[in-house]
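Take a look at the letters that make up each chain.
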Amino acid sequence: GGGDTGGGDTGGGDISNCNGCPINSLSSLINLNESNNEVTCNYSEISNLGCVNIIETDVDEENQIITIYYNIESDISGFQFDVRGITVDSIQSYLPNSFDLQYSTLNNDDVRFIAFSFSGGLIETNCGSLFQIEYSSAEGQPWDSSDFISTIVFSGNVSDNNIPSSIDVCAN
């Protein structure tokens, strides 16, 4: 449909990061090699489209897989966000090996994802895929809702002052 393609609520920020960012920019410009789980992308190319400090979901309804892509200007030491309206069966992480990625179902049936590195590791690639979700059931098409991903928190390297104050979700 040609409905609203704005970003989701990031807990207080505006959605300016998505303005001018073409739909499906991240999923089309970030290459995910399924055979070795290697992710390749060009941060400058994506950023030049106006897609900075965003995450984007790509939904494969036929295979019931959701891929979470990102393009963020600073290093990432951890993140947390909630996903609404799906039942998670399993996750495939594309994070560095030092990262621990966990999820749990909250009282309101949202699923909270948390990732961090006990050893102080960083995601230094600026763009790529965080992880894939395999889901078994969805309430309608929750990814079409502006609050599909909410309560987003990203943390960066403590010596790096470029941590964005808000990360936006761009509609897929």
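Since the structure is predicted, the reported quantities are computational estimates derived from the model, not experimental observations.

Rules and cut-offs
- Residues numbered from 1 in each chain as written.
- Predicted model: local features only at pLDDT ≥ 70, side-chain atom pairs only at ≥ 80, totals over all residues.
- Heavy atoms only, no water.
- Pairing = 2+ DSSP bridges.
- Helix = DSSP H or I, 4+ residues; strand = E, 2+ residues; numbered from the N terminus.
- Axes fitted to C-alpha atoms, helices over the stretch in contact; angles between N-to-C directions.
- pLDDT = per-residue confidence, 0-100.
- Contact = heavy atoms within 4.5 Å.
- Buried < 20%, exposed > 50% of the residue type's maximum accessible area, 1.4 Å probe, protein only.
- Disulfide = S-S within 2.5 Å.

## Brief notes about the sheet that holds strand β8 (residues 111-117)
In space, the four strands of this open sheet follow the order β7-β8-β5-β10, with antiparallel pairing throughout. The strands lining the two open edges of the sheet, one partner per strand, are β7 (99-105) and β10 (149-155). Each strand of the sheet is rotated relative to its neighbour by a mean of 10 degrees, with strand direction disregarded. Pairing of strand β5 (residues 78-83) with β8, which is carried by six bridges, proceeds in the antiparallel orientation. Its bridge partner being in β8, Asp-82 is matched across the sheet by Arg-112.

## Some details on the confidence of the model for the chain
Per-residue confidence for the chain gives a mean pLDDT of 83, with 83% of residues at or over 70. The spread of mean pLDDT over the elements of the chain runs between strand β11 (residues 168-170), the lowest at 77, and β7, the highest at 96. Here residues 1-16 is a poorly scored stretch, pLDDT under 50, and it has 26 contacts once near neighbours within four places are set aside; other chains count.

## Examining unusual backbone geometry
Phi is positive for Asn-53, which is not a glycine, with a value near 60 degrees. Within the secondary structure, Asn-53 sits in the loop between α2 (43-47) and β3 (54-60). Assessed through its relative accessible area of 7%, Asn-53 is described here as buried. Backbone geometry places Gln-64, a non-glycine residue, at a positive phi of 55 degrees. Counting through the fold element by element, Gln-64 comes out in the loop between β3 and β4 (65-71).

## Observations concerning the state of the cysteines
Enumeration over the complete set of coordinates arrives at two disulfides. The disulfide that involves Cys-21 links it to Cys-51, with 2.1 Å between the sulfurs. On the sign convention where negative is left-handed, the bridge of Cys-21 and Cys-51, at about 105 degrees about the S-S bond, is right-handed. Of this pair, Cys-21 sits in the segment before α1 (25-29) while Cys-51 sits in the loop between α2 and β3, and the two are 30 residues apart along the sequence. Judged on exposure class, the residue Cys-21 and its partner Cys-51 are both buried. In this model, Cys-41 is linked to Cys-127 through a disulfide, with the two sulfur atoms separated by 2.0 Å. Measuring handedness by torsion sign, the sulfur bridge of Cys-41 and Cys-127 sits at about 100 degrees and is right-handed. In this pair, Cys-41 sits in the loop between β2 (38-40) and α2 while Cys-127 sits in strand β9 (residues 127-138), placing the two residues 86 residues apart along the sequence.

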